[in-house]
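Breakdown of the fold
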Amino acid sequence: MKCLLIASESAEMLFYWTDLEFQQNIQKQYGASQEEGHGFPAFEDSISTLFAPIIISFSTMVTEADSYTSFTTENNHIYVLHQFDECLYIAVNGDGEEKEEDLRRKIYVMNKMIEVLFGMVTLSGNLLRKELRARDTEQRLRLWKHLQSLLETYSHLRENDQSFLVEAVERLIHPTLCEQCIEFLERRLVQQINSSVERGGEEVLHAFILVHTKLLAFYSSRNASILSTSDLLALIIMAQNMYPSNVDVDDPSPEVQSGDSLSNSTDSIFYTPEPSPTDKDSKKPVRGSTPVFEFVDPDIQMAEDSLSTLEVYPPDPATPHKVFLEVSQKDGLYPMMPHSMYCLKLWPGITLVLLTKFPHSGVAMSVYTFWEAFAKLEKRLNEGQGGSTRGQPMHEVRSKLDKFLKTLALNGIQSSQLQNVWTEFKNRAFSRGGPGFSRDLIPWCKNMKTQLCGIYRQCFLSDSGPDDTPRRLSPGLRERAQTMVQEQLMDWKDFLLVKSKRNITMVSYPLSDFPGLVHFICVDRSSGQMIAPSLSITERTTSELGKGPVAQYIKNKMWSLVSTTRHYLQKGYSTLTLRDGDFYFCYFLWFENETGFKLEAKDIPIMPDDSAPIGMLAQNYYRKLLRYYSKNHPGETVKCYELLTVHLGVIPTEIILQHCRQLASKLWEPSRNPLL
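Every value quoted in this text rests on a predicted model; they were computed, and no experiment measured them.

**A short note on the overall build of the chain**
Helix and strand counts for the chain stand at 21 helices and 16 strands. For the chain, buried positions account for 51% of its 676 residues. Considering only contacts within the chain whose residues lie at least 6 apart along the sequence, 69% involve residues at least 24 apart. Total accessible area computed for the chain in this model is approximately 31400 Å², and 49% of it derives from carbon and sulfur atoms.

**Some thoughts on unusual backbone geometry**
Phi is positive for Glu 167, close to 55 degrees, though the residue is something other than glycine. Overall, Glu 167 belongs to the buried group, its relative accessible area being 2%. Backbone geometry places His 360, a non-glycine residue, at a positive phi of 65 degrees. Considering the arrangement of structural elements, one finds His 360 in the loop between strand S11 (350-357) and helix H13 (361-382).

**Focus: the sheet that holds strand S10 (residues 332-347)**
Pairing within the open sheet is antiparallel, and its 5 strands lie in the order S8-S7-S11-S10-S9. One side of each edge strand has no neighbouring strand; the edge strands of this open sheet are strand S8 (214-220) and strand S9 (321-329). Across the sheet, the axes of successive neighbouring strands diverge by a mean angle of 30 degrees, strand direction being ignored. Two elements, strand S7 (residues 203-211) and S11, share 8 bridges in a ladder whose sense is antiparallel. What sits directly across from Ala 207, in S11, is Leu 354. Its contacts with the sheet put helix H7 (residues 175-194) on S7, S8 and S11, and the angle it makes with S8 is roughly 45 degrees. Against the sheet, H13 engages S9, S10 and S11, with an angle of about 145 degrees to S10.

**Some thoughts on the side chain of Ser 340**
Residue position: Ser 340 is located in strand S10. By relative accessible area, which is 4% here, Ser 340 ends up buried. With sequence-adjacent residues up to four places away left out, Ser 340 is seen in contact with Glu 202, His 321, Leu 354, Leu 355, Thr 356 and Phe 358.

**Some thoughts on the environment of Ala 373**
Here Ala 373 shows up in helix H13. On the accessibility criterion, Ala 373 (3% relative accessible area) is buried. Sequence-wise, Ala 373 and Val 397 are 24 residues apart; in three dimensions their C-alpha atoms are separated by 7.6 Å.

**So, the sheet that holds strand S5 (residues 87-93)**
Here we have 5 strands laid out as an open sheet, ordered S2-S1-S5-S4-S3, and antiparallel in their pairing. In this open sheet, the two edge strands, each paired with only one partner strand, are strand S2 (13-18) and strand S3 (70-72). Looking at each pair of strands side by side, their axes are set apart by 10 degrees on average, direction ignored. Sheet analysis places S3 next to strand S4 (residues 78-84), joined by 3 bridges and oriented antiparallel. Note on S4: the bridge partner recorded for Phe 71 is Tyr 79. Across the sheet, helix H2 (residues 43-63) lies against strand S1 (2-8), S2, S3, S4 and S5, angled at about 115 degrees from S2, the strand it touches most. In this fold helix H3 (residues 100-118) packs onto S1, S2, S3, S4 and S5, with an angle of close to 35 degrees to the strand it touches most, S4.

**Looking at the confidence of the model for the chain**
Taken as a whole, the chain shows an average pLDDT of 83; of its residues, 81% reach a score of 70 or greater. A low-confidence stretch, residues 254-310 stays under pLDDT 50, and its non-local contacts, those more than four residues away or across chains, total 65 contacts. Ignoring residues within four places in sequence, the model shows residues 670-676, a span with pLDDT below 50, making 19 contacts including any to other chains.

**Digging into the packing of aromatic side chains**
Two aromatic rings, taken as a pair, are described by how far apart their centres are and by the angle between their planes. All told, the structure shown has 26 aromatic pairs when counted by the stated rule. Between Phe 15 and Trp 144 the ring centres are 6.3 Å apart and the planes differ by 90 degrees, which places this aromatic pair in the edge-to-face class. Of this pair, Phe 15 sits in strand S2 while Trp 144 is found in helix H5 (residues 137-160), placing the two residues 129 residues apart along the sequence. Pairing Phe 208 with Phe 218 gives two aromatic rings, centres 5.4 Å apart and planes at 15 degrees, and the pair type is stacked. Residue Phe 208 is located in strand S7, and its partner Phe 218 is located in strand S8; the two are separated by 10 residues in the primary sequence. On the basis of relative accessible area, Phe 208 is assigned to the buried category, the value being 0%. Ring pairing ties together the aromatic residues Phe 51, Phe 58, Tyr 68, Phe 71 and Tyr 79, which thus form one cluster. When the ring centre of Trp 144 is taken as origin, the NZ or CZ atom of Arg 140, which lies over that ring, is 5.9 Å away. Above the ring of Phe 430, the side-chain terminus of Arg 398 is found at 4.6 Å from the ring centroid.

Calculation notes
Residues numbered from 1 in each chain as written. Predicted model: local features only at pLDDT ≥ 70, side-chain atom pairs only at ≥ 80, totals over all residues. Heavy atoms only, no water. Helix = DSSP H or I, 4+ residues; strand = E, 2+ residues; numbered from the N terminus. Buried < 20%, exposed > 50% of the residue type's maximum accessible area, 1.4 Å probe, protein only. Contact = heavy atoms within 4.5 Å. Areas by Shrake-Rupley, 256 points an atom, 1.4 Å probe, with all protein chains shown as cover. Pairing = 2+ DSSP bridges. Axes fitted to C-alpha atoms, helices over the stretch in contact; angles between N-to-C directions. pLDDT = per-residue confidence, 0-100. Phe/Tyr/Trp six-rings, centres within 6.5 Å; stacked < 30°, edge-to-face > 60°. Lys NZ or Arg CZ within 6 Å of the ring centre and 35° of its normal.

And the structure:
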């Protein structure tokens, strides 16, 4: 029984998602209106009615500086609330399957996905409201279904994929093939696309190949910024949402790992598309299932949710998507910069993703620079400080913004509202008779930020951009790119699908070296990559622990262990050992310099209970932790690692700790994993 919604401060519904059980509960609760002859209310209205008191209560208490972040009802329903700017997120669980930390993580991930989809528009509550609750009903329903599908995809990956459990990228370990693919992406694919006249002004910055959720090869051009782990994980969620992995259908039989007979005999399975979802089966509580939910008896039939009254077909996955990602430049960090994402299906389970530089992306950098300047000024004025920011006094912003407005006009971008607000701001701040840099400027700082976000929205989210030139790779160019990669991987595709479920096996770590070792997860938090043996448990592909209760028990315990370690890490503990029945669990977090020398342990900051969830997807906790730890090691490159292990409980504790040290050093040996 689950729900997540986004509402404005005025209790207007901007988005919601519920599972089937929650929906039925709401319909049962508000079904009394039928007896009064008014008909069953739209489901959206019912949710608004249910949550309006909570939203109003939260907004009132925030105003009085006495807010709350969670509460539990008498029937043990957990509510978690968090406000991002002017939008309130509420996550609910009533079946006991999720704790407060899980709900808070879901809220932050949903906010991350919205940032990736809408960029700097999320910095203006009024503009984001226009995007999430568009006047066009069909457009709004399509967006809401897309967001609901993304949330379901994330939840599925979080429950079944170890890389999303620990929020780090898992690479396929096959050095020879990885190197060949990277070389192919660099010297053939990206080079040919970027030199083509059909690229529509776009330039490929990043290209990578996914096998299910695992990274086979990744290439970035020389002009590209580093793609952050947070953004890469979000893009993998989007790719999985476009082309969901169905392991039992996608993967060849483990007994057949190569050869043409498999591909020829399964073409009908691989290439037969699933029927488009209808409004009756659009609600899927379990990914991959096809539940039937309808009321047959006309006396008790209820009106369906407004999201299901219109049949909205999902967007074509081949259509490029606008995504807004972090860009690192010499002069600083620019979040939410525009890119185009092309997700090309090679075979079921194998996908090519291209990220291109959006034309006029320099406008986005300028907009963010000015937005940041006004945000800093607003903060200083609120604190009663002066009106200039360090290294960039407002008179410098003034001259640059004047030039920027002229550039916008030359490019045909409507900026009259920004010009009017900026003129009024200058009259108040810089004229002799004006109030100068006082608290009276705070509303005008807010207005300037909103107008800048409006320019951003006009340039990068509207259908018509700064000019009428095509801004995407041509369909023919995309098709040729797809064919090139297919030809390159044709002899490897069946092997890759099996390898994705047998990436690393415990056989690689023999009992003679690590007696009693059952499972482990090792994460390099500096690069955002992880290594772990498979824990897949399906009809056709199982882990080395088999399909029985032991495998499921270990999987459940690993998920529980990760949650426990995050709780203690939040309290400042970097080491954890605990015994649970016949097993012994260990967790270690440590730091090394670039030569592999382990650095002296240091107290880790204690985080409040309602702080952002520990991870790398929604909020990069480890980036902040590395920055904090590096203060005592100037001039050194500091790296952070985590190791989680499961041993049989009969192994002595001192032997287990020794094994953990040996395993950590062995996992990251350059000779074993040269691409990590």
